[in-house]
Amino acid sequence: MNAPVSFPSSGSGQAQLERLVVIGNGMAGCRAVEEVLARDPARYAVTIFGAEPRVNYNRIMLSPVLAGEKTFEDIVINGPEWYEDNGITLVSGDPVVAIDRAGQTVVTRSGRTEAYDRLLIATGSDPFIIPVPGHDLPGVVTFRDLDDVDRMLAAAENGGSAVVIGGGLLGLEAAHGLALRGMQVTVVHLMPTLMERQLDEAAGYLLKSELERRGQTIVTGGDTAEILGTDGHVTGVKLKDGREFPADIVVMAVGIRPATTLARAAGLEVERGIVVDDHMVTSDPAIMAVGECVQHRGTCYGLVAPLWDMCRSLADHAVGSPSGYAGSVTSTKLKVSGIDLFSAGDFSGGDGAEDIVMRDAARGIYKRVIVKDDRLVGAVLYGDTADGAWYFDLLKKGEDVSSIREALIFGQAFAAGGAGGGALANPNAAVAALSDDAEICGCNGVSKGKVVATIQQGACSLDAVRSQCKASASCGSCTGLVESLLALTLGDEVQSGPKSLCKCTSFTHDDVRRLILEKDLKAIPQVMQELHWTTPHGCASCRPALNYYLLCAWPGEYEDEQHSRFVNERMHANIQKDGTYSVVPRMWGGLTNPTELRAIADVVEKYNAPMVKVTGGQRLDIFGIKKEDLPAVWADLNAAGMVSGHAYGKSLRTVKTCVGSEWCRFGTQDSTGLGVKIERMTWGSWMPHKFKIAVSGCPRNCAEATIKDFGVVCVDSGYELHVGGNGGIKVRATDLLCKVETEDEAMEVCSAFIQLYREQAHYLERTAPWIERVGLESVKSALFDQPETVATLAARFRHSQQFMQSDPWAERAAGRDAELHQHMAEVRPFPTNVQQMEFAK
Amino acid sequence: MIGDWLDIGPVSQISPGNARTLPVRGGEEIAVFHTLDNRFFALVNRCPHKAGPLSQGIVHGDVVTCPLHAWNISLKTGKALGDDDGCVPTIPLRVDAGRIYLLREAVLGGGTPPAKVA
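Residues numbered from 1 in each chain as written. Chains lettered and ligands numbered in written order. Predicted model: local features only at pLDDT ≥ 70, side-chain atom pairs only at ≥ 80, totals over all residues. Heavy atoms only, no water.

## Remarks on the overall build of chain A
Alright, step 1. Along its length, chain A carries 28 helices and 40 strands.
Alright, step 2. Judged by the C-alpha coordinates and their principal axes, chain A covers about 120 × 70 × 55 Å.
Alright, step 3. The burial tally for chain A puts 54% of its 841 residues in the buried class.
Alright, step 4. For chain A, long-range pairs separated by at least 24 residues make up 62% of all intrachain contacts whose partners lie at least 6 apart in sequence. (Helix = DSSP H or I, 4+ residues; strand = E, 2+ residues; numbered from the N terminus. Buried < 20%, exposed > 50% of the residue type's maximum accessible area, 1.4 Å probe, protein only. Contact = heavy atoms within 4.5 Å.)

Here's what the structure looks like:
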C-alpha cells in the first residue's frame, strides 16, 4: 500500500459542516476524532492525513508483533470501514508539508491543498538518532512503526547478532523480540541503570540480572562511539571505551522527540513540544494539538495513557463544552513476557517523603512505595506487580493512606481490610491472624507455633529466637514476621538485639559479613536485595561499609565503587576545612633522600602550597592543593619515585621506626630495616579503619610502638609483637600478642593479625575497640590455637595485596577518573550579560 | 526560552553517585549532582555549616552528606536534614535530550533570582 488511499466521504450536506482537518493518523489523532464523534457526530466534516500508508493501528503493540505474539491485523484499531462509516476522508501516505494559517489551509507533499476551520496537529514524535559515525548505514533502524518491525524481522530471519542502543522501555522490548526471534542480542545503555526514568537502582539491577540470565548481553554505562560497517552494511557497534560488539542489525532506541517541525514552521509557539493550554489549543485558536507532540504545563508525555485524557478534554472543547486537562500521572509496565515490572508516579522523594521498601530475595521481589503528606506519590514494583493497579489508583486519587500506612507495602489484601478501620491494617494483627501451623521460616521449616513456643520459653530477642529455633537465622526474609511474633507474645518485654549495621537493615555488621560469604554476594545492590535492605540505595553509613566488606571478601573480583567511598579515599588526599587537600607521599619507614626532598620542595613552590608540615608518622604533609591540581602534583611526586602515602585512607598509614642497631648504641635489632620491609609488605591494604605500625629497636621504644595498632619492640632475644594500641581520643597502650625470634616470623604474624582484623572488625572500628569488644584471648586463640592458622591468614593477606599494591596516584596522574578532578565547565559572565561557557576538554 | 537556560553539557559527564563543580566567575561555585536513581540537582557548593564543598560528599537518595562534618543536605531543597538547621541555595536544573541545563539567573545570582534582571 504505497499509493495514497482515500475513502471518499459518503456524508451529504457537508457544506454546512465545519471542516476539521487532522494531521496524523496515529493513536492520538484518531482517538481525538473518536471522542469528538462520540459527543457530536454531525458537527464536523473530518479529513485525516497520515504519513504511513496504512490505517490506524495501536503503536504500543508493535512489541508483541515483533515478538511474534500478535499480528498486524490484531493491532489495527480502526479499519477502512470506520473511516467510511463515519464519513471521514483518510489521506494516507501523503504527509502534510505545510500549514498556511492565514489562508487556513494545509498542503501535502503531492501538492494537495485542504481548507480547515479547525486544525488538529497530532504528529506524535520522532525517534532520536544519536549522530555517531555510521548512524546512517543500512541495517541501522529505529523502533517506531511497522516498517521498522518489518526490517527487524527480515534481519532476524538470518539469525546472527543484534545490538540495541538504548535500555529504556522501547529498547528492551525490541531486544526481547529480537531474542525470541533467535538473534544474539546485546543492549548498550548509556546510563548505569536500565529504564532509569522508571526504575531505581535496585529494580534496575534485578531486571539486568534476569535479562542476562536469559542470554542477553547487557552493557550499562556504555557510550556508543561509532557504528561500524563494511560494504555499506552495518557490522557492529564500537563504544568509547574501545569495546566492540558484532551486529547484523542495530536498533536505535535512545528516546523520542516531539515532532514539531510543521508547527514551528507555521509560527506556532513551540518549546520542547507544541505549547497547548488545558483545552489542547495552541497559540493559534483555530489550531489544536494532542499527543506526544505537545507540551502541556511544561510536560511532554511519551506514554499512551495521558493521550486518552488529552483527547477527552480536546473533544469537550471542540464541541463547545470545555472541561480542561490538568496533566496526567503516568505508570509504566514492561511488555516482556515473564518479567513483572511496574512503576508509577514520582520516586524523587524530597522533603517529608518517606520510602517504604520490601524485599523478598527468595522470590525475587522488590517493592518500593513513596509516601508524602499521607499520600502515595510513587511506586516501583519488581517480581510481583499484582498490586500495581491498586497503588496507581491510590496515587491518582490522592487518597489519604495514613490509616493503612503500616500495611501499605504488603498490598491490597492486607491493607484494604484496614482502609475501613479493619484489624488487618496492623501487620502484627495480620501475623496474629495466621494459624499456628503457618510456616514462618521457609529456610528452616519453622512454624508460627514453634516460634511462639520458643519465645514463651524465654527467647526474648530476635537473636535468641534465631539461635534457639533457627527461625530467621538463614536468609532473614522472615525477620519482620519474627519481630511481629515477639511483639505479639511479649509486648514491651522484647529485648532489642545487637545494634544493626545502620538504619537500612536489621542485620548486624557480623551478619552482613557472614552472609556476603555464605550467599556469594558480590555487588552492593545484590547485598541490599538479598539481605532485604529497607532503603532503595542505602545511606552514607552502609555504602562505605558494604564497599569495604565486599572488597575484603572478594579481592581481585569485586569492583570498587568510588562513589561509595568517603571523600578522602575518593580523592586520594585529605580534605581540609577550606576544601583544598593535603598530600602526603610515602616515606618508607620514615626514610627519605635528596631526590624526594627536592621533588617535594619543587611541588610546594610550583603549586603555591602555603604550608609543609612534618607529621607524627615521620613524613611530610603538603597543604593547600586544589583538587584540579592533584593529578599534576602526583605526577611530579611519582617522577621522583614516590607513591601515595594513604594518609587519607582506612588503610595502612605509616610504619614509624627508630634508627635501631645500625646507628643507635642501644639498638638490639635493625628496626629501621624491618620497618621498611613491613611497610613494603603492607602498604595499599584497605582496612576497617586506619592502621598504624611502629618498630622500636629496643625497649626504650623511641618509635612509640606501644600505642600503635601493631607494634614491634626489638629485644636481644627477638621481637615482642604488640597489638591494639591507640594514641587518639582514648589513649590505649598495646597488649602483648606474642614473642618471636626472627624477622620473618614477625612479618608473618603481622600479616596474619592484619588479615584477622580486616576480616573480623566492623567497618570504622579500630583495633583497640575491636580487641576490647572480642577480647584479647579470642584474638590469640583465633591466631594460635591451630598451628597452621597464622600461615593461612598471612597467605590470604598476600593474595589480597596482589590487587591492592598499585599506586592510586599513578593511575590518576595517567588520567583515570579525571572527571573527579576537573570542573565540568566554567561560567564567565560578561558585562553585556552574554555568558560564555568554557568546557573542560 | 533557551536563552534563560545555560547548557552545561551532556549528562554522561557525571557518573551516578557523583557530583561535579562549575565555578562561576565573580559568583558562587555550583555543584551538580547525579543521584543513583538518575536524577540531577544543582546546589551552591557550600555547606551551610562550615562551607564544606558538598560536591565531595557521599550521595544517597536525594541527600548529600557533607565531607567535612557529615551534615546531611537535601539536594531537592538545599535544607539541612535531621537536627541540623541551615539552608544552601538551589539552582533550578532541567535535563533535555541528554543535556543538563541550569537556570541562568540562578547561576549568576548565586542560587537566588537577582533582584533586577539586567
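## Here we look at the side chain of Thr21(B)
Alright, step 1. Within the secondary structure, Thr21(B) sits in strand E2 (residues 18-22).
Alright, step 2. A relative accessible area of 0% means that Thr21(B) is categorised as buried.
Alright, step 3. Separated by 2.7 Å, the side chains of Thr21(B) and Lys627(A) make a polar contact.
Alright, step 4. Dropping the residues within four chain positions of it, Thr21(B) is found in contact with Lys627(A), Gln822(A), His823(A), Met824(A), Ala825(A), Glu29(B), Ile30(B), Asn45(B) and Ser55(B). (Polar contact = N/O pair within 3.5 Å; in protein donor to acceptor, adjacent residues only side chain to side chain.)

## Considering the pattern of salt bridges
All names here are of chain A.
Alright, step 1. Scanning all chains against the criterion turns up 57 salt bridges over all chains.
Alright, step 2. Across the pair Glu 212 and Lys 208 runs a salt bridge, and its minimum N-O distance is 3.4 Å. Of this pair, Glu 212 and Lys 208 both sit in helix H7 (residues 201-213), four residues apart, which is roughly one turn of that helix.
Alright, step 3. The exposure class of Glu 212 is partly exposed, given its relative accessible area of 35%.
Alright, step 4. For Lys 208, a relative accessible area of 23% translates into the label partly exposed.
Alright, step 5. Across the pair Lys 367 and Asp 387 runs a salt bridge, and its minimum N-O distance is 4.0 Å. Of this pair, Lys 367 sits in strand E26 (residues 365-372) while Asp 387 sits in the loop between strand E27 (375-382) and helix H10 (388-397), and the two are 20 residues apart along the sequence. (Salt bridge = Lys/Arg side-chain N within 4 Å of Asp/Glu carboxyl O.)

## Things to note about the UniProt feature "domain: Rieske" (unreviewed entry) in chain B
Alright, step 1. Residues annotated in UniProt with the feature "domain: Rieske" (unreviewed entry) correspond here to residues 6-102 of chain B.
Alright, step 2. Helix and strand shares over residues 6-102 of chain B are 0% and 38% respectively, and the end C-alpha atoms of the span are 5 Å apart. (UniProt positions renumbered as here; feature names shortened; annotations may be inferred.)

## Examining unusual backbone geometry
Alright, step 1. Of note, Asp231(A) is a non-glycine position whose phi angle comes to about 50°, a positive value.
Alright, step 2. With respect to the helices and strands, Asp231(A) occurs in the loop between strand E15 (224-230) and strand E16 (233-239).

## As for the sheet that holds strand E6 (residues 63-65) of chain B
All names here are of chain B.
Alright, step 1. Taking strand neighbours across the sheet as the criterion, the three strands line up as E5-E6-E7 in an open arrangement whose pairing is antiparallel. Looking along the sheet, the strands with just one partner apiece sit at the ends: strand E5 (58-60) and strand E7 (72-74). Averaged over all pairs of adjacent strands, the angle between their axes in this sheet comes to 25°, without regard to strand direction.
Alright, step 2. Examined bridge by bridge, E6 and E7 share three bridges and lie antiparallel to one another. (Pairing = 2+ DSSP bridges. Axes fitted to C-alpha atoms, helices over the stretch in contact; angles between N-to-C directions.)

## Points about the domain arrangement of chain A
Residues and elements named next belong to chain A.
Alright, step 1. Here chain A is partitioned into domain 1 (14-125 + 258-318), domain 2 (129-254), domain 3 (340-432) and domain 4 (654-804).
Alright, step 2. Of note, the centres of domain 2 and domain 3, computed from C-alpha atoms alone, are 34 Å apart.
Alright, step 3. Across the contact, 10 residues belong to domain 2 and eight residues belong to domain 3.
Alright, step 4. The largest per-residue losses of area from domain 2 upon contact with domain 3 belong to Gln 198, Asp 200 and Leu 206, which jointly make up 50% of the total buried on that side.
Alright, step 5. Notably, a salt bridge pairs Arg 368 with Asp 200, separated by 2.8 Å at the nearest N-O pair.
Alright, step 6. Class assignment for the residues of the side of domain 2 that touches domain 3 results in six nonpolar, one polar and three charged. (Domains from an automatic or database assignment. Buried area = accessible area lost by both parts, 1.4 Å probe. Nonpolar A, V, L, I, M, F, W, Y, C, P; charged D, E, K, R; others polar.)

## Regarding the packing of aromatic side chains
Residue and element names in this part refer to chain A.
Alright, step 1. This model, assessed by the stated rule, comprises 13 aromatic pairs over all chains.
Alright, step 2. With a centroid separation of 6.4 Å and 75° between ring planes, the pair formed by Phe 342 and Phe 392 is classed as edge-to-face. Of this pair, Phe 342 sits in strand E24 (residues 341-345) while Phe 392 is found in helix H10, placing the two residues 50 residues apart along the sequence. Each member of the pair, Phe 342 together with Phe 392, is buried.
Alright, step 3. Aromatic side chains Trp 634 and Trp 809 sit 5.4 Å apart centroid to centroid with 10° between the ring planes, which places their arrangement in the stacked category. Of this pair, Trp 634 sits in helix H21 (residues 630-639) while Trp 809 sits in helix H28 (residues 808-813); the two residues are 175 residues apart in sequence, bridging distant segments of the chain.
Alright, step 4. Among the residues examined, Trp 634 registers a relative accessible area of 0% and is labelled buried.
Alright, step 5. Aromatic rings pair up to connect Phe 691, Phe 710, Phe 753, Tyr 757 and Trp 770 into one cluster. (Phe/Tyr/Trp six-rings, centres within 6.5 Å; stacked < 30°, edge-to-face > 60°.)

## Description of the UniProt feature "domain: FAD/NAD(P)-binding" (unreviewed entry) in chain A
Alright, step 1. Within this structure's numbering, the places UniProt gives as "domain: FAD/NAD(P)-binding" (unreviewed entry) are residues 19-296 of chain A.
Alright, step 2. Helix and strand shares over residues 19-296 of chain A are 25% and 33% respectively, and the end C-alpha atoms of the span are 25 Å apart.

## Thoughts on the interface of chain A and chain B
Alright, step 1. Counting from both sides, the interface comprises 51 residues of chain A and, opposite them, 51 residues of chain B.
Alright, step 2. Counting the surface lost from both chain A and chain B, the interface buries some 4100 Å², and carbon and sulfur atoms represent 59% of this.
Alright, step 3. Inspection of the chain A/chain B interface yields one salt bridge.
Alright, step 4. Taken together, the connections running from chain A to chain B amount to 13 residue pairs in polar contact (both at pLDDT 80 or more).
Alright, step 5. For the side of chain A that touches chain B, the elements supplying multiple residues, two or more each, are helix H18 (542-553), helix H19 (567-571), strand E39 (825-829) and strand E40 (835-839) of chain A.
Alright, step 6. Of the residues forming the side of chain A that touches chain B, the biggest block, five residues, is contributed by E39(A).
Alright, step 7. For the side of chain A that touches chain B, the class distribution of residues is 19 nonpolar, 14 polar and 18 charged.

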